[in-house]
Amino acid sequence: MEERPSYDEYFMEMAHVVSKRSTCLRRKVGALLVKDKHILSTGYNGAPKGLKHCSEEGCLRENMEIPSGERHELCRGLHAEQNAIIQAAVFGVSIKDSTLYCTNTPCVVCVKMLINAGVKEIIHSGDYPDSLAKKMLSESTINIRNLNNKNLSGIEKMRKI
């Protein structure tokens, strides 16, 4: 009998499914904002509504040889965390005291937004190279946890192989 996933595993697996909608050529990221075991909103990284996707236009950051974790403003896309926050705002859903499940740690821009939005916890399964984001998180009241491979459900373990 297959073991039932924990809520953390369940929501993280959903974040990985959401990331499949990403149109970014460099990194596919998915995010869920959850409160009281209910999904408030989701987001994936990609260009704003109605604009051409990077998969159509090409990657500006790649063409300019910008390293990951630097010069966030030089990108057509919004981050998954930003899109989850925006989706909640569009539909009038408060994300105060929610938990973010994300396939990567957030960048500094997203961290600042998450702090001001009142997110209480970030649970991630991958890393993003942004030392300022990590420093600001350490100064904040947000709890951050890495849901590593050994905690992932059977489906995610199979993807890692």
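Not measured: the values here are computed from a predicted model. (Residues numbered from 1 in each chain as written. Predicted model: local features only at pLDDT ≥ 70, side-chain atom pairs only at ≥ 80, totals over all residues. Heavy atoms only, no water.)

Asks: Lay out the packing of aromatic side chains in plain terms, naming residues and giving numbers.
Replies: Within this structure, the stated rule accounts for four aromatic pairs. On the basis of an interplanar angle of 25° and a centroid distance of 6.0 Å, the ring pair of Tyr-7 and Phe-11 is categorised as stacked. With Tyr-7 and Phe-11 both in helix 1 (residues 7-19) and four residues apart, this pair spans about one turn of that helix. Its relative accessible area of 41% is what places Tyr-7 among the partly exposed residues. Summarising the aromatic geometry, the rings of Phe-11 and Tyr-101 are spaced 5.3 Å apart at their centres and angled 45° between planes, so their arrangement reads as tilted. In this pair, Phe-11 is assigned in helix 1 and Tyr-101 in strand 3 (residues 99-102), connecting sequence segments 90 residues apart. Neither residue differs from the other here; Phe-11 and Tyr-101 are each classed as buried. An aromatic cluster of at least three residues, connected via ring pairs, comprises Tyr-7, Tyr-10, Phe-11 and Tyr-101. (Phe/Tyr/Trp six-rings, centres within 6.5 Å; stacked < 30°, edge-to-face > 60°. Helix = DSSP H or I, 4+ residues; strand = E, 2+ residues; numbered from the N terminus. Buried < 20%, exposed > 50% of the residue type's maximum accessible area, 1.4 Å probe, protein only.)

Asks: For the packing of helix 5 (residues 108-117) against helix 6 (residues 131-139), give the residues involved together with the corresponding values.
Replies: One can describe the packing of helix 5 onto helix 6 by two numbers: an axis separation of 8 Å at closest approach and a directional angle of 20°. By the angle class used here, helix 5 and helix 6 are roughly parallel. The two elements helix 5 and helix 6 cross, and the hand of that crossing is left-handed. Between helix 5, through Val-108, Val-111, Lys-112 and Ile-115, and helix 6, the contact on the second element is made entirely by Leu-132, Ala-133, Met-136 and Leu-137. (Axes fitted to C-alpha atoms, helices over the stretch in contact; angles between N-to-C directions. Parallel < 35°, antiparallel > 145°, perpendicular 65-115°, else oblique. Left-handed = near helix turned anticlockwise from the far one by under 90°. Contact = heavy atoms within 4.5 Å.)

Asks: Describe in detail the pairing of strand 3, supporting the description with residues and values.
Replies: Of the two faces of strand 3, the one lined by Thr-99 and Tyr-101 and the one lined by Leu-100 and Cys-102 are each fully buried. As defined by bridge partners, strand 3 adjoins strand 4 (residues 121-124) across four bridges and the pair is classed as parallel. Note that in strand 4 the partner of Cys-102 across the bridge is His-124. (Pairing = 2+ DSSP bridges.)

Asks: Can you break down the pattern of salt bridges residue by residue, with the values?
Replies: Enumeration according to the criterion identifies eight salt bridges in this entry. Between Glu-121 and Arg-145 there is a salt bridge; the shortest N-O distance is 2.8 Å. One end of the pair, Glu-121, is in strand 4; the other, Arg-145, is in strand 5 (residues 143-146), with 24 residues separating them in the sequence. Its relative accessible area of 14% is what places Glu-121 among the buried residues. A residue is classified by how much of its surface remains accessible, and Arg-145, at 31% relative accessible area, is partly exposed. Lys-135 is the partner of Glu-139 in a salt bridge, and the nearest nitrogen-oxygen pair spans 2.4 Å. Note that Glu-139 and Lys-135 are positioned in helix 6 at a spacing of four residues, about one turn of the helix. Residue classification places Lys-135 among the partly exposed positions, given a relative accessible area of 47%. Where salt bridges share partners, they join Asp-8, Glu-121 and Arg-145 into one cluster. (Salt bridge = Lys/Arg side-chain N within 4 Å of Asp/Glu carboxyl O.)

So, to be careful, I would describe these as geometric facts and stop short of saying anything about function.
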